[in-house]
Amino acid sequence: MQKPVSRRFGLSLSWHFLALLLFGGSLLFGAGSAKAAWSVDPVLRKAEKRYGRSGPAKERLHAWHELLESGRQLGERQQLQAVNQLINRQVRFSDDSELWQRRDYWATPVETLAKGAGDCEDFALAKYFTLLQLGVAPDKLRITYARALELNQAHMVVTYHETPDAEPLVLDNLVDDILPTSRRQDLALRYAFDAQGLYAMKGSAFKRVGSTAELPFWQGLLARMAREGFVL
């Protein structure tokens with residue numbers, strides 16, 4: 001079942017303007033990082049104090065914790081399926097203006113799961129950080145902006161690149177199945193970022209167009225994650 005997406009950035013905006021608009025700080029992981037560097041337990045202890053030890057928020061966070069514990073035993077493709085399924089099932093779509101009373105807000109995974117709601121960016125960020133914690137190499141994952149053609153809206157997904165030349169797989173809140181980009185004719189991938197750099201779609205492949213070192217955006221997100229117990 002499809003869910004609506006939220007952002008409506010015009011396609012006429014240039015790459016550099018979009019980069020400055022959408023991003024804003026150093027990335028969480030350095031280019032040489034092999035995996036996420038945070039422990040689940042202090043994050044969950046802080047979440048319990050903030051959101052309570054019972055109720056729907058606790059149940060969603062507990063399901064996430066269970067996945068982080070059991071998911072390490074899965075193969076990488078199984079991890080993708082498990083993470084995509086859990087986030088899509090535990091989180092409903094809600095626009096930032098409704099959920100956070102702000103035009104644009106990038107929620108931490110804990111905030112998204114505690115609320116049980118988020119927009120396409122929040123779905124993607126929760127999946128991205130969860131997969132990193134499960135041990136998926138950062139150079140296999142990108143946070144990717146696309147155009148949802150049928151809805152005529154900008155959209156965010158996670159793409160998985162098994163090898164640098166492999167066709168990316170798309171983890172999406174619009175479609176539960178994880179499909180290669182050639183089978184997602186409803187999406188036009190535009191650009192992406194990871195810990196190593198910025199990428200723009202040129203022809204049928206992403207090409208690196210810059211470094212994340214000078215991009216200012218995730219400061220608010222990273223500050224909140226640090227307060228939640230994430231080791232950044």
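Heads up: the structure comes first, above all this text.
Residues numbered from 1 in each chain as written. Predicted model: local features only at pLDDT ≥ 70, side-chain atom pairs only at ≥ 80, totals over all residues. Heavy atoms only, no water.

1. Brief notes about unusual backbone geometry
In most cases, non-glycine residues show a negative phi, while peptide bonds are predominantly trans. Of note, the phi angle at Gln101 is positive, near 55°, even though the residue is not glycine. Despite not being glycine, Asn152 shows a phi value in the positive range, around 55°. Assessed through its relative accessible area of 52%, Asn152 is described here as exposed. (Buried < 20%, exposed > 50% of the residue type's maximum accessible area, 1.4 Å probe, protein only.)

2. Observations regarding helix α7 (residues 120-133)
Along its 14 residues, α7 runs 20 Å from first to last C-alpha, staying within 8% of the 20 Å computed at 1.5 Å per residue. Burial analysis of α7 places 14 of its 14 residues in the buried class, the great majority of the element. Immediately beyond the C-terminal end of α7, within one or two residues, lies Gly135, with a positive phi of roughly 105°. (Helix = DSSP H or I, 4+ residues; strand = E, 2+ residues; numbered from the N terminus. Expected span 1.5 Å × (residues − 1).)

3. Observations concerning the pairing of strand β9 (residues 205-210)
Two elements, strand β8 (residues 198-202) and β9, share five bridges in a ladder whose sense is antiparallel. Counted as the bridge partner of Met201 is Phe206 from β9. Two successive antiparallel strands, β8 and β9, enclose a turn made up of two residues, where Gly203 displays a positive phi of approximately 70°. (Pairing = 2+ DSSP bridges.)

4. Here's the deal with the packing of helix α3 (residues 56-70) against helix α4 (residues 76-90)
Relative to each other, α3 and α4 sit at 180°, their axes nearing to 11 Å. The angle between α3 and α4 falls in the class roughly antiparallel. Residues Arg60, Ala63, Trp64 and Leu67 of α3 pack against Ala82, Val83, Leu86 and Gln90 of α4. Among the residues forming the contact of α3 with α4, the class breakdown is six nonpolar, one polar and one charged. (Axes fitted to C-alpha atoms, helices over the stretch in contact; angles between N-to-C directions. Parallel < 35°, antiparallel > 145°, perpendicular 65-115°, else oblique. Contact = heavy atoms within 4.5 Å. Nonpolar A, V, L, I, M, F, W, Y, C, P; charged D, E, K, R; others polar.)

5. Examining the sheet that holds strand β5 (residues 169-171)
On the basis of which strands lie adjacent, the open sheet formed by seven strands has the order β6-β5-β4-β3-β7-β8-β9 and antiparallel pairing. Among the strands making up the open sheet, the edge pair consists of β6 (179-180) and β9. Bridging between strand β3 (residues 141-148) and strand β4 (residues 153-160) involves eight bridges; their strand directions are antiparallel. By the bridge assignment for β4, Ala148 is matched with Gln153.

6. Topic: the pattern of salt bridges
For the structure on display, the rule yields six salt bridges. Each of Asp172, Arg184 and Asp186 takes part in one network of salt bridges that share partners. (Salt bridge = Lys/Arg side-chain N within 4 Å of Asp/Glu carboxyl O.)

7. Some points on α4
Counted at 1.5 Å a residue, the expected span for α4 with its 15 residues is 21 Å, and the 21 Å between its end C-alpha atoms agrees. Those residues of α4 lying buried are Gln79, Leu80, Val83, Asn84, Leu86, Ile87 and Asn88. Where the residues of α4 are buried, they touch α3, α6 (109-115), α7, β4 and β5.

8. Re the packing of α4 against α7
Axis angle and axis distance: for two packed helices, these are the angle between their axes and the distance between the axes, and together they describe the pair. Closest axis-to-axis distance for the α4/α7 pair is 10 Å, and the angle between their directions is 145°. Both α4 and α7 take part in a crossing whose hand is right-handed. Residues Gln79, Leu80, Val83, Asn84, Ile87 and Asn88 of α4 pack against Phe123, Ala126, Lys127, Thr130 and Leu131 of α7. Considered class by class, the residues forming the contact of α4 with α7 number six nonpolar, four polar and one charged. (Left-handed = near helix turned anticlockwise from the far one by under 90°.)

9. Quick word on the side chain of Arg224
Inspection of the secondary structure assignment puts Arg224 in helix α8 (residues 219-228). Classification of Arg224 as buried rests on a relative accessible area of 15%. Only 2.7 Å separates the side chain of Arg224 from the side chain of Tyr105, close enough to count as a polar contact. Beyond its immediate chain neighbours, meaning those up to four positions away, Arg224 contacts Tyr105, Trp106, Ala107, Thr108 and Glu111. (Polar contact = N/O pair within 3.5 Å; in protein donor to acceptor, adjacent residues only side chain to side chain.)

10. Notes on the packing of aromatic side chains
Across all of its chains, the model carries three aromatic pairs by this definition. Each ring, one from Trp100 and one from Tyr105, has its centre 4.4 Å from the other, and the planes form 35°; the classification is tilted. Overall, the relative accessible area of 16% leaves Trp100 in the buried class. Taking NZ or CZ as reference, Lys115 lies 4.9 Å from the ring centre of Trp100, over its face. Residue placement shows Arg142 over the ring face of Tyr199; its charged tip is 3.7 Å from the ring centre. (Phe/Tyr/Trp six-rings, centres within 6.5 Å; stacked < 30°, edge-to-face > 60°. Lys NZ or Arg CZ within 6 Å of the ring centre and 35° of its normal.)

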